[in-house]
Amino acid sequence: MTNDTTLFLGQWLRSPGTVGAVAPSSRRLAETMTAPVPHGGDPVIVELGPGTGAFTAEIQRRLDGRGHHMAVEINPRLAEFLAGRHPKVDVVVDDAARLPELLRERGFHRADVVVSGLPWAAFSQETQTLLLNAVTAIMDPNTAFTTFTYSFAKRTPPARRFRRRLFDTFEEVVVGRTVWGNLPPAFVYHVRRPRV
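Residues numbered from 1 in each chain as written. Predicted model: local features only at pLDDT ≥ 70, side-chain atom pairs only at ≥ 80, totals over all residues. Heavy atoms only, no water.

1. Quick word on the nonpolar core
Then step 1. Residues Val46, Leu48, Leu99, Phe145 and Leu166 are the most contacted members of the largest nonpolar core, which totals 29 residues.
Then step 2. Within the residue set of this core, elements represented by two or more residues are strand E1 (44-48), strand E2 (68-73), helix H5 (99-105), helix H6 (125-137), helix H7 (157-169), strand E6 (170-175) and strand E7 (186-194).
Then step 3. Ignoring any residue separated from it by four or fewer positions in sequence, one finds Leu48 in contact with Val72, Ala96, Leu99, Val114, Val115, Ser116, Gly117, Leu118 and Val135. (Core = buried A, V, L, I, M, F, W, Y, C linked by side-chain atoms within 4.5 Å. Buried < 20%, exposed > 50% of the residue type's maximum accessible area, 1.4 Å probe, protein only. Helix = DSSP H or I, 4+ residues; strand = E, 2+ residues; numbered from the N terminus. Contact = heavy atoms within 4.5 Å.)

2. Observations regarding the pairing of strand E4 (residues 113-116)
Then step 1. Residue alternation in E4 divides its side chains into two sets, Val113 and Val115 and Val114 and Ser116, and both sets are buried.
Then step 2. Pairing between E4 and strand E5 (residues 144-150): four bridges, direction parallel. When the bridges of E5 are listed, Val115 appears paired with Thr146.
Then step 3. Following the backbone out of E4, through H6 and into the adjacent parallel E5, one traces a crossover that is right-handed. (Pairing = 2+ DSSP bridges. Right-handed = clockwise from strand over helix to strand, strands pointing away.)

3. A few points about the confidence of the model for the protein
Do not read the fine detail of predicted coordinates wherever pLDDT is low.
Then step 1. Chain-level statistics for the protein give a pLDDT mean of 89 and a share of 88% at 70 or above.
Then step 2. Counted against residues more than four places away or in other chains, residues 8-13, with its pLDDT under 50, gives 17 contacts.
Then step 3. Across residues 15-20 the pLDDT falls below 50, and counting only partners more than four positions away or on other chains, this stretch makes twelve contacts in the model. (pLDDT = per-residue confidence, 0-100.)

4. Points about the environment of Asp95
Then step 1. Tracing the chain through its elements places Asp95 in the loop between strand E3 (90-93) and H5.
Then step 2. Residues Asp95 and Gly49, 46 residues apart in the sequence, show an inter-C-alpha distance of 9.3 Å.
Then step 3. Residues contacting Asp95, with those up to four places away along its chain left out, are Val72, Ile74, Leu102 and Leu131.
Then step 4. Reaching out from Asp95, the side chain makes a polar contact with the backbone nitrogen of Ala97 at a distance of 2.9 Å. (Polar contact = N/O pair within 3.5 Å; in protein donor to acceptor, adjacent residues only side chain to side chain.)

5. Looking at the sheet that holds E4
Then step 1. With mixed pairing, seven strands are arranged side by side in an open sheet as E3-E2-E1-E4-E5-E7-E6. Here the strands that pair on one side only, and so sit at the sheet edges, are E3 and E6. Taken over all neighbouring pairs, the strand axes of this sheet differ in orientation by 20 degrees on average, direction set aside.
Then step 2. With respect to the sheet, helix H4 (residues 76-85) is in contact with E2 and E3, its orientation differing from that of E3 by roughly 170 degrees.
Then step 3. Seen against the sheet, H7 touches E5, E6 and E7 and runs at an angle of roughly 135 degrees to E6. (Axes fitted to C-alpha atoms, helices over the stretch in contact; angles between N-to-C directions.)

6. Side note on the pattern of salt bridges
Then step 1. What the rule picks out here adds up to ten salt bridges.
Then step 2. For Glu171, the salt bridge identified is with Arg193, shortest N-O distance 3.2 Å. Of this pair, Glu171 sits in strand E6 while Arg193 sits in strand E7, placing them 22 residues apart in sequence.
Then step 3. The structure contains a network of salt bridges with shared partners spanning Arg27, Glu31, Glu58, Arg61 and Arg62. (Salt bridge = Lys/Arg side-chain N within 4 Å of Asp/Glu carboxyl O.)

7. Focus on unusual backbone geometry
Then step 1. In this model, Leu183 is joined to Pro184 through a cis peptide bond whose omega is -10 degrees.
Then step 2. The phi dihedral of Asp64 is positive, around 50 degrees, even though this residue is not glycine.
Then step 3. Within the secondary structure, Asp64 is located in the loop between helix H3 (54-63) and E2.
Then step 4. Taking relative accessible area as the criterion, Asp64 reaches 68% and is therefore assigned exposed.
Then step 5. Residue Arg193 is not a glycine yet carries a positive backbone phi of 60 degrees.

8. Digging into H4
Then step 1. For H4, every residue scored as buried is listed here: Leu78, Ala79 and Leu82. Down the axis of H4, the buried side of the element spans an arc of 100 degrees, and every buried residue falls inside it. Set apart from the buried face of H4 by more than 90 degrees, the exposed residues are Pro76, Glu80 and Gly84.
Then step 2. Measuring from the side-chain oxygen of the N-cap residue of H4 to the backbone nitrogen of Arg77 gives 2.9 Å; that N-cap residue is Asn75. (Arc of directions from axis to C-beta.)

9. Re H6
For an α-helix the count is 3.6 residues per turn, leaving residues at separations of three or four pointing the same way.
Then step 1. When the terminal C-alpha atoms of H6 are compared, their 18 Å separation across 13 residues agrees well with the 18 Å that a helix rising 1.5 Å per residue should span.
Then step 2. Buried within H6 are the following residues: Gln128, Leu131, Leu132, Ala134, Val135 and Thr136. (Expected span 1.5 Å × (residues − 1).)

And the structure:
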């Protein structure tokens, strides 16, 4: 097992409610999740629940030194690992519910892209609401928001509840194809335009 896989599994065993997977996401899933990152300019990219950095690495590759990339990780051990591996990323150890404040502290009010690795289906309805409110607060009509869910879990009540919340909260929700090259297989929600 690689170091990041070992660390990820260890943190999942300690706190399965906040670490929503037993292994890091694949490169295929990372490519799909980070597709909205612009090829030009200096975008503000917010990453939620980066874990050991599968999406982080792909965001950094796409940015190639441009813009501002803030990664919010609640687990201090994972955040320390991530900061050591990606020194150009603004790694913040905090709760994603504080997203608007965290951005304002850095002189930003909106993000161009929000990439979420958070385990939405593992959260209560109240936590889902709190986090989605934080995400919509930093979005404008052009902001792209991507998140994913595991294919095997899509019929569970929490996953169905989250899917309904996405359609109730946003005008545009596109469900991507299954990424089979991930363990377990997953699919991505591509979301824009919070409802007023």
